[in-house]
Amino acid sequence: MYSFFTRCCIVFLCTVTLVYANDASQHINNLASHKVWKQLLHAEQTAVTLHHNGSNFYLAENGFENPLSELEATIHAFSQNPKSQCQFPARKRFIEKQLPTLSFPDVACPKYEDYLDAFSTHSASLIFASGYLGNPASMFGHVFLKFNGESEDGLLDNTFSYGAKVPDNENKLVYITKGILGGYQGKFSNQQYHHHHLTYSETELRDMWEYKLALSQDDIQFLLAHLWELENATMTYYFFEQNCAYQLAKLLSLVFDESLIAPNKVWVMPFDLVVMMQRHQTSRTMFNDVIYHGSRQQTLYDRWQQLTSKEQQTLLQILESAPKDTQQQLAALGDASAIRVIDTLYDYFAFIEQKEDDLTTIQQAQKRQAMIKRFGMAPVKPNWKSIDRRPPHEAQDTTRIGLGLYDTPSGDVAGELNFRANYYDLLTLNAGRIPYSELTTFNLRLRYLEGEELAVREFTPVRIINLNASESGLPLDSNWAWKLAFGYREQANNCTHCGAGYIDSFIGKSWAFRHNLVGYAALSTSITSSNLNGGFIAVGSEVGGVAHVTSEIAMSLAVGQQWFVNQPSKDQHYLSITARYSINQRWDVRANIDNKHGTDFGLLISHYY
C-alpha cells in the first residue's frame, strides 16, 4: 500500500513538473514573438554591432535572425553570468515584467546607475528641427530625443540623437551616394541640449518644435535602458529609410503601442514621425503639448515686426550712425521703447555675428554703447507678444499623387498623372518648413492624348528653390535667391515625345512686400541635351513671386526670357501661373497656365499621403 502511494506521488509530481515546464516553454515561445522583444533586438532592421571590449549585442550565435534563441541565451546569461544584466537592462526589465515568476541573481551595476543619475529626468520630449538647405543631410529636417531635467531653459538637459558616422570633410556627392546605398554606420550619440541649440538655432538658423511626450516614468526608464544598450552600438545607416526618423519611431514604439512608421511609403522622414504621432492622438495620447523654439533669425524678425514705426526708425538710425551717437538716439525714446529697441539690437548683432562670422569694429562699438545704456536702466523685461505658429504636423503630407486635365495648344484635351515622392513646393501648406522655399524629389508627370502614346511630360529627380526673403529689410539681412533643378522634360508645350535632359538654375534677390507676399528677380540659365528650340545653353532673366492669400489660397508666378548662347538671334520666353486651393491636409486643387512655345491650361486635383 505504501509502495503504491509513493509511486502515485512520484507520477503526480512528474506530471505537474512536465506541465509546468511545457507551460513555461510556451510562455517563452510567445515572448520571443512579442513585438517589443523583437524591437529590442532590432529585428527586421540591420543587425546591431557593438564596439566595446569585444562584447556582442547578440548572445546567441543566430540571435539576430532567431528571437527565440536570443531570448533563451539572454535568460541563461542573466542566470549564469549575472554581470550580463548590466549590459542589457532593457531586456531584463522586459523579461521580468512578462515572466514575473522568473527571478535572476541580484547584481550591482554602478556604471549603469551613474548613467541614470546623470540624466535625472522627469519627462521626455521629441524635438523636430526644420530643414536646412545648406547641407544634404539636413534638407529634410531632423528629430532627436530630449530628457528634461530641472533647469528652466533646458540647455543642460541630455539628448539622444541618431546619425551617420561621416568622416570629416567628406565630399558631398560621395556622402549622398554612400548615404543612399548604406555606406555609413549610424549610431545614437548623447549630448547636452545646448549643443543642438547652438547648431540648429544659432548657427544654421533652424526653428525647432518640442513635442512633450506623454510618457510615464517607467516608460522613460525603459527608453533610457535600451539607449544604454546601444551606447557603443552601430547600425547600417540609410539616408531615406533607416535614418534618424526611422530609429526614433522604432525606439518610441517600445513604449507607445502603435506603429509610428508611415504606411505605404518606402522611405521615412522626420515629418512623417510627428504626423504619425498626431494621427494616433485620438486612440493613445502621444504628446501633451508642442512648444516652439524660434531660431535667432526668427526671433529677430518677430521682435522687429512688433516695434512701432518710430522704434524701427531709431534702430535703423543707430545702425547708420557713429557709435558715439547711440546713447543719445536711445535717450530720445521713453524707457519702455528704448528697452525694446536695445533688445532687438542685441538680437540683430547676435544674428549678424553668426551670419558674417564676426562683427565689425563699428558694430561692436554700437553694441557696447547700447548695452551701457541698458545697464543704466531699470531691470524690466519688455512685453513681447508670443507669435502663434502652426506646428510641423499641420503641414501637408509629403507624397503627392494627382490627376489632371489640360487644354493643349492643339485644342485637344489631355489627361495627366502626376506623382511626387517628396517633399513640398512653394504652394503647399508648409508649417514647420523653410518659408518661401521648395524641395521636391522624384517628380513625374505622365500625359495621355487620344491617338498618341503615353508620354513622359517631366521627370525631375531634384528641384530646390530658396527665395531667402528677408522679413526685416535690415542691413546685411539678405541672402541670394536661388534655384537648381535637373531631369528630363518636354521642351515645348506644342509637341509630344520631344523630351530632353535639362538643368535649370537661377540666382538673384528677393523682397518681402508683406509677410505673405514675396517677389524675386534673378539671372537664369537652362541647359538641355537637345537643341530643338535653338541651342543647348540659354541665359536670361526671370521674375516672379509667391503670395499666400489665405491659409487655403496661394498663388505663384514665374516669367522669363532667355537667349541661346550658340544662337543669340533665337530666344525663348516662358510664363507660369499657378493657383492652389487647399481642401484639407491631404487634398488640394490647382489651376495652372503654362506658356512655353504654346499654352497649356490645366486643372489638377492632388492627394497627399
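Everything quoted here is computed from the prediction, not taken from an experiment. (Residues numbered from 1 in each chain as written. Predicted model: local features only at pLDDT ≥ 70, side-chain atom pairs only at ≥ 80, totals over all residues. Heavy atoms only, no water.)

1. Details of the sheet that holds strand 2 (residues 123–129)
Sheet architecture is open: eight strands sit in the order 1-7-5-4-3-2-6-8, paired in antiparallel fashion. A strand with exactly one partner marks an edge of an open sheet, and here the two such strands are strand 1 (49–50) and strand 8 (287–293). In the sheet, strand 3 (residues 142–148) pairs with strand 4 (residues 158–164) via three bridges, with the strands oriented antiparallel. Within strand 4, the position partnered with Lys146 by the bridge is Thr159. Across the face of the sheet, helix 6 (residues 110–119) comes into contact with strand 3, strand 4 and strand 5 (184–192) while running at roughly 110° to strand 4. (Pairing = 2+ DSSP bridges. Helix = DSSP H or I, 4+ residues; strand = E, 2+ residues; numbered from the N terminus. Contact = heavy atoms within 4.5 Å. Axes fitted to C-alpha atoms, helices over the stretch in contact; angles between N-to-C directions.)

2. A word on the UniProt feature "domain: Lnb N-terminal periplasmic" (unreviewed entry) in the chain
This chain's UniProt record puts "domain: Lnb N-terminal periplasmic" (unreviewed entry) on residues 112–257. For residues 112–257, helix accounts for 35% and strand for 28%, while the C-alpha atoms at its two ends are 26 Å apart. (UniProt positions renumbered as here; feature names shortened; annotations may be inferred.)

3. With respect to the domain arrangement of the chain
Note: interface size is frequently given as the accessible area lost on complex formation between the parts. Split by domain assignment, the chain resolves into domain 1 (30–105), domain 2 (117–293), domain 3 (296–376) and domain 4 (396–608). Computed over C-alpha atoms, the centres of domain 1 and domain 4 are 52 Å apart. (Domains from an automatic or database assignment.)

4. Notes on helix 7 (residues 172–181)
The backbone nitrogen of Leu173 lies 2.8 Å from a side-chain oxygen of the residue at the head of helix 7, namely Asn171. Just downstream of helix 7, Gly182 is the residue with a positive phi angle, here 80°. (Polar contact = N/O pair within 3.5 Å; in protein donor to acceptor, adjacent residues only side chain to side chain.)

5. What about a nonpolar patch on the surface?
A cluster of nonpolar residues, Ile401, Leu403, Leu417, Val549, Ile553, Met555, Tyr581, Ile583, Trp587 and Ile605, forms a patch on the protein surface that exposes about 880 Å² of accessible area. When residues of the nonpolar patch are traced back to their parent elements, those giving at least two are strand 9 (400–407), strand 17 (553–564) and strand 18 (571–584). (Patch = residues over 30% accessible without salt bridge, like charges linked within 9 Å, V, L, I, M, F, W, Y side chains within 5 Å. Areas by Shrake-Rupley, 256 points an atom, 1.4 Å probe, with all protein chains shown as cover. Salt bridge = Lys/Arg side-chain N within 4 Å of Asp/Glu carboxyl O.)

6. Side note on the pairing of strand 17
A regular strand places its side chains so that they alternate between the two faces of the sheet. Burial along strand 17 is one-sided: Ala554, Ser556, Ala558, Gly560, Gln562 and Phe564 are buried, while Ile553, Met555, Leu557, Val559, Gln561 and Trp563, pointing the other way, are not. Bridging between strand 16 (residues 537–548) and strand 17 involves eleven bridges; their strand directions are antiparallel. Looking across to strand 17, one finds that Ser541 is bridged to Gln561. Joining the antiparallel neighbours strand 16 and strand 17 is a turn of four residues. Sheet topology note: the strand 17/strand 18 ladder contains eleven bridges and is antiparallel. Counted as the bridge partner of Ser556 is Thr578 from strand 18. Taking the residues between adjacent antiparallel strands as the criterion, strand 17 and strand 18 are bridged by six residues. (Buried < 20%, exposed > 50% of the residue type's maximum accessible area, 1.4 Å probe, protein only.)

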